[in-house]
Amino acid sequence: MALSAADLQKRHGMEGAPDPFAPALEEYVEPRSKTVKQELDTDSHQAFPSLASAPAAKSVTQSAWGASNGPRIKPIINRQPVFTDSFTLGTVELTSKDNKPVTLGEIIKQVMAKYKVKVEASGNQRGRQTTFHLRAESQRELDKAKRMLLALLSPVETFNVAAPISTIPAIIGPKGATLKQVRDQTGARIEIPPKDSVNGAANGHAAGDDEDEEPSVQITVTGPKPLALEAVDFINQIIASKTFRSTQRIRDISPNVLPFILARKSVYEAAAQGGELKLQSSQFEITASGEREGVHRAVDLIKADIAELSSGLTAIKISLPKRQHRLLVDKGAQAVMVKSNCAVVVNFDDPSDEIAVWGRSADLPSGLSAVMEQANSKYIHEFPLPGPVTLSKQLLEYMNRIDYPKTLSEKHAGVSIFTPTPVTIERAHSLVIDIVGDKPAVDAVVRQVSEFIGKLIGATKEVSIDWLTHRIINGKNAKKIKQFHDTYNVLVYFPSESAEQSSVLLVYDPFSKAASPSPDDKARSLDEVTKELTRMAKEAADVKSEALQVEKRWHEAIIGQGGTTLNAIIGEDKALSIKFGLDAGDSATENTILVRGASADVSRATKEILQIVESAKNDEIVNSYSTEFDIDREYVGRVVGAQGAGINKLRDQLGVRVDVLDEVEDKESGKKKKAVHHKSKVKITGRKENVEEAQKRIHAQIEKLADETSEILQIPNKYHSGLIGQSGNVHPRYNRGKYVVRLEENYSVKITFPRQSTENGEGKTREQLKLDEVLIKGGKKGVAGAKAELLDAVEYEKETNNILKFTVPTRSVARILGKGGKSINEIKDTTDAQIDVEKVTEDQTNITVRGTKKAINAAKTAILVIADQVAEEITVTIPIDNKYHRTLIGSGGQGLKDLVSRCGGSSDPKVLANLIRFPRQGDPSNDVRLRGEPAIVNKLKVELEKAVVTLRDRVVIALEVPAGQHRALIGRGGQHLNELQDRTGAQIQFPGSRSYAQVGEAENAADFGDVDPANIVKVTGPRAACERAVDALKQSVKVAAPDVVTSTIPVPLKYYHVISQQGQFFRTLRNFGVQVDQSVQAQKPELPTRPVSSSAPSARIDEEENPDAPEAEWEVVPNYENAEEGDSVWTLKARDQTGLERAEKLVNEAIEHAKTMTFVGFLTLPDRSTFPRIVGSKGANVMRIRNETGADVHVSRENNTIVIIGSESNITAAKNAVMRFASGRPRRQQHD
């Protein structure tokens, strides 16, 4: 529908103005198919007719202040920047709404009402074009208005883009970001087929064609024509950037042609002009990859050569002994090609002795000569494996398992060993190993293989065990199977799971030092292992098969996406075999499902499969209900949500599927057509009740969106941070609107504050906001409520947002802030004020305080108090040698604390750190800084100087003290050492202490040159004090004890933790002067783990036995079930025989006691709330239970289970005692 200028004037309220359009515009009714698109001529009067001419203006008398009379001062005017754009449409398609025609003026009004933009339109009859001029205050508003005009005025068309599969991820982008950007920018609908619907034939060719490039996907782009074309260009740019390189494959090349192609590799690489060529011959395939044009040239040349060679080659077949075929493959075949330009084709799976020589007729004679020469170039020995064939297969299997051929080839350079192929092994009656090389080397290998085979005669055996039980046997008995080699010298080889073979190979290890040459010993060992494996197989499972008949259409539900459901049915052990359709066996149909495995697993899997099928049938019935309805297209984006969040939420909550369609069905023709872009169809599928609820929610959301309005509040930017607060919190003292998020939730609105300022003065947000604007968007009622509360908050901010600025000396800032901001944070918390610190100069720092008047005054007072304290302080620096610093500081800073206390200072660590500061460790400086009140600083200076004088008179004297006596001289916690130092006034440094090396070298160090440094003790201090300390140490040193006496006791590893008692046992032995060395220590955890069992616990404590006790579970199992095997030899070292005998007695008694600890009880309580009562003060209750019952009680710190170890009667008594403490009942009195 076309409009005249008069119509446009009426629509825009400009009736009476001159008509800017040619009158002939009303006669334009030609069909769009005949529209001729012309270039826009901006100078054409017909395209842009001028308005009615105005009367000629009279000449104005030139002012004396004009430009000709001197410079002119221009007024400064702040103008808002204006963004403009123009575009021309050759066809304007106007749609109808509610069966009423929509005019161009109505559309322009709709665009101008929605966006802050001015739109003008002008028409050209000859060019049959309409030009639109747009002006806006921001580029974003201009772009949005332009897209909306194009969408409303352009015809909706569909375009297809063929995209290679490899480019689809780039088109979609991470999490759909790129695709979303294209959709948002153009408004076009872009449909990409699902991944599972794309296959190798997606580009219209068979997937198996030799020359196929990667398959392509048809992407559908639908929308207004200009926007749809823009989206297509965007997609094509992505495709072009990702397809610069190409890969092509030529498959199924004939074996007789492929050698000739491989020989011309350099020719193809030159044709590719830098493109990388990768040639593979193992699967008769050539792959060319690299720059697209170069790959095409190389592939075209390869195809031409293949066509020529396929028709130009002939073959001659000759017979050669099978052993000589080994010399005509790989390097041998290449040598024949180089010599004769002929190819030799060998098939090792062919039982005949024939080989084929291919080439051109003229080259075949030289080819035959080259083949014969190569076939006789090396000596070949056929080594027959001893039979029958079953034994030969066993020997060959063992040789392959230990890589024996490879080992021999590496040991004998120039010799190659070839074993039969799997196909040959299956159908051969005898097996032969080919040994190729120079005759002397081959003869040496033959002798070694003969010796090896001789050791294996009678040393192999096969045991038939169902392959489904192999994993179970290995899982439960892995340790035992490994021990077969130690016990019987037998190796066990299970076949791989993928082979599904039931034969297990047993080999009597011929390389073991313990191997016996006796055939009887070999047979006896193999028989014993066979019995053990057979027993394990019987314990593992009784295997059965069960065939189910299930319609083929339900098989996919059983398998699940990516085989996930089937994996869950099979289980982690994978001891089940489930096959579908014809793979289930010869008598199977496409509906057959064969389940094979352990009886229990087969029954379980069968039950689960039938349940899955039943559920799939029910889902098909339940989810068959669907409904369709229309919604305005402008609401589709909000209903669908960002990246589908809206419909995904409905799917997750209600279990329905929501599809939004732009196609509707034409009831007359029965065909689908594109819908008018004002409406979209929504289809919901699922359970009826859920579908109705989803429809209800969507309609409610649309009604809410229809009621949506927005309002911009003028709030000065300086109050925004106070309103927002940290993490969206409004000022904490404003209790009526505590959080912006809560305000949004209460009124169902969205509140947007401007972000960083841009060049044009607008906030950097999605909406175009100025710095002093706040946007509230939502329902009318909600917007009004949120507005009222937000304005109240602004008034509160005006009252509380007082600012006070003052300066403080820069040197006081560190004290004001405190370590890690502790001081300043305390002031903030106490006064409820905001404080900012800004350094201005080296001497002055600005402090800015915000808050109520009371708060800022209190904060200022607190800050100035600290600043005044710093102003009164004096700073003194004393040079003290670095070597004295540690002594002055003392252990843990105690020396400084005592010094400051003597001088009348505070012992507060915070004050102390500011008062005295020594250089950091590693700093070579000797300066010690004192800062504080003048009286205290002066006293500290005098005391430090006295201490330094004393330290300078200090001497260092060395003394020999056996290292074994150092611990006794130091005492527990250094008690003896501190007493000695206090008594003598000297400092004593033992080797290994942190200050040992810092005290310097002893003056008598030369006297101890031959003494072990570990035995030298240093004594420091005044000479008289040092001499007193040396005399005291000499008197304390004990005479060297005589040689120690030793004894050994074997202790089973499984008793280690019971005997050691977490090291208490060894401490007891040390009291007798006995040290223990252990050959091996236990590696397993101290406490036994609770066995995992699906059955109920062996016992349960209920309310009848103890009504006050909490409900608990009690399970008893034998102890030492999975304990470590073997013994640890304990070596006891004692000073005398008496101590040794006492230690031996204790160890033997501990072993006997451990033997009685035969059971483990696991007591699981509902929670840990009763554990403090059970443990008692410092473990008193647990110790009491241990003493009374003789059982070990371990209370876990990680779970609710208490572990009790002992005899069966003892752990029962201990359990009852624990339950009494748990219930809070007093302990029963014991009577004799």
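To be clear, the structure that these remarks concern was listed above.
Every value quoted in this text rests on a predicted model; they were computed, and no experiment measured them. (Residues numbered from 1 in each chain as written. Predicted model: local features only at pLDDT ≥ 70, side-chain atom pairs only at ≥ 80, totals over all residues. Heavy atoms only, no water.)

## A short note on the overall build of the protein
A count of helical and extended segments in the protein gives 42 helices and 50 strands. Buried residues in the protein amount to 38% of all 1232 residues. Of the roughly 72200 Å² of accessible surface on the protein, 49% is carried by carbon and sulfur atoms. (Helix = DSSP H or I, 4+ residues; strand = E, 2+ residues; numbered from the N terminus. Buried < 20%, exposed > 50% of the residue type's maximum accessible area, 1.4 Å probe, protein only. Areas by Shrake-Rupley, 256 points an atom, 1.4 Å probe, with all protein chains shown as cover.)

## Section: the pattern of salt bridges
Oppositely charged side chains may form a pair once their charged atoms are brought near each other. Counted according to the given criterion, the structure contains 24 salt bridges. As a salt-bridge pair, aspartate 184 and lysine 180 come within 2.8 Å of each other at their nearest N and O atoms. Here lysine 180 and aspartate 184 lie together in helix α5 (residues 177-186), a separation of 4 residues that amounts to about one turn. Given a relative accessible area of 46%, aspartate 184 falls into the partly exposed group. The exposure class of lysine 180 is partly exposed, given its relative accessible area of 31%. In this structure, arginine 850 engages aspartate 836 in a salt bridge whose closest nitrogen and oxygen atoms are separated by 2.6 Å. Taken together, the positions of arginine 850 in strand β36 (residues 844-851) and aspartate 836 in strand β35 (residues 834-839) put the pair 14 residues apart, joining distant regions of the chain. (Salt bridge = Lys/Arg side-chain N within 4 Å of Asp/Glu carboxyl O.)

## Some details on unusual backbone geometry
A positive phi angle is found at asparagine 489, which is not glycine, with a value near 60°. As for its position among the elements, asparagine 489 is in the loop between α16 (470-488) and β19 (490-493). Its identity is not glycine, yet tyrosine 1120 carries a phi of approximately 60°, on the positive side. By the element assignment, tyrosine 1120 lies in the loop between β46 (1112-1118) and β47 (1127-1134).

## With respect to the packing of aromatic side chains
For the structure shown, the criterion picks out 10 aromatic pairs. Between tyrosine 398 and tyrosine 493, the ring centres sit 6.0 Å apart and the planes meet at 55°, which makes this aromatic pair tilted. Of this pair, tyrosine 398 sits in helix α12 (residues 389-401) while tyrosine 493 sits in strand β19, and the two are 95 residues apart along the sequence. Neither residue differs from the other here; tyrosine 398 and tyrosine 493 are each classed as buried. Centre to centre, the rings of phenylalanine 1065 and tryptophan 1130 are 6.5 Å apart; their planes meet at 45°, and the pair counts as tilted. Note that phenylalanine 1065 is positioned in helix α38 (residues 1064-1071) and tryptophan 1130 in strand β47, a separation of 65 residues in sequence. In this pair, the class of phenylalanine 1065 matches that of tryptophan 1130, namely buried. Here the aromatic residues Tyr398, Tyr404, Phe452, Tyr493 and Phe511 are joined through ring pairs into a cluster of three or more. Just above the ring of tyrosine 996 sits the side chain of lysine 1018; from NZ or CZ to the centre is 4.5 Å. (Phe/Tyr/Trp six-rings, centres within 6.5 Å; stacked < 30°, edge-to-face > 60°. Lys NZ or Arg CZ within 6 Å of the ring centre and 35° of its normal.)

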